[in-house]
Amino acid sequence: MIRIFEIGSTLKHYAVNNVEKDRQKLSATVSERLLYEYWLPHFRDCVVEGGAQSVMASYNAINGVAQQYQSIIVDGHLKHQWGFEGFVVSDLGGVNTMVNGHLKGQVSYEEAVAQSLKAGCDFSTTNS
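Calculation criteria
- Residues numbered from 1 in each chain as written.
- Predicted model: local features only at pLDDT ≥ 70, side-chain atom pairs only at ≥ 80, totals over all residues.
- Heavy atoms only, no water.
- Pairing = 2+ DSSP bridges.
- Helix = DSSP H or I, 4+ residues; strand = E, 2+ residues; numbered from the N terminus.
- Axes fitted to C-alpha atoms, helices over the stretch in contact; angles between N-to-C directions.
- Contact = heavy atoms within 4.5 Å.

(A) Looking closely at the sheet that holds strand S2 (residues 27-28). If you trace the three strands from one edge of the open sheet to the other, you get S2-S4-S5, paired in mixed fashion. Taken across any chain shown, the strands that pair with only one partner, and hence form the sheet edges, are S2 and strand S5 (65-66). In terms of strand pairing, S2 meets strand S4 (residues 61-62) through two bridges, oriented parallel. Bridge pairing links serine 27 to alanine 61 in S4.

And the structure:
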């Protein structure tokens, strides 16, 4: 199903984000229990109960994996378990953040786009 929106609510910043300093390089260390009992429930409620149309990934990494590459969180929980049919976007310039931040020197822009799409991210701007 393709949805076309003129306006819609966007949840920010999915899923583990509470630090602004160095967020393009930060990796939050989160136990599985804390992730499932603290960080994800409020997003689930907004998606399942509130019908949010869009979700924005955060800049930070979680347990060493860049947020846009978190397929279990984005594609697994959000889209499959919770039935989210909306639009997943990166934070501003999220792919660029992978190339010049979290994975600097390890991945090309094209590879970062491909990995983001595979994980379930639908859109990222080119701004840094």
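Picking up after the structure, the text goes on.
(B) Local environment of the sheet that holds strand S1 (residues 10-14). Strand order in the open sheet made by the three strands is S1-S3-S6, with parallel pairing throughout. Two strands in the sheet have a free side with no partner beyond their single neighbour: S1 and strand S6 (87-89). Between one strand and the next, the sheet's axes are offset by a mean angle of 20°, whatever the strand orientation. The sheet contact formed by strand S3 (residues 54-57) and S6 spans three bridges and is parallel. In the strand pairing of S6, valine 55 is matched with valine 88. Relative to S1, helix H1 (residues 32-49) is tilted by about 165°, and along the sheet it contacts S1 and S3.

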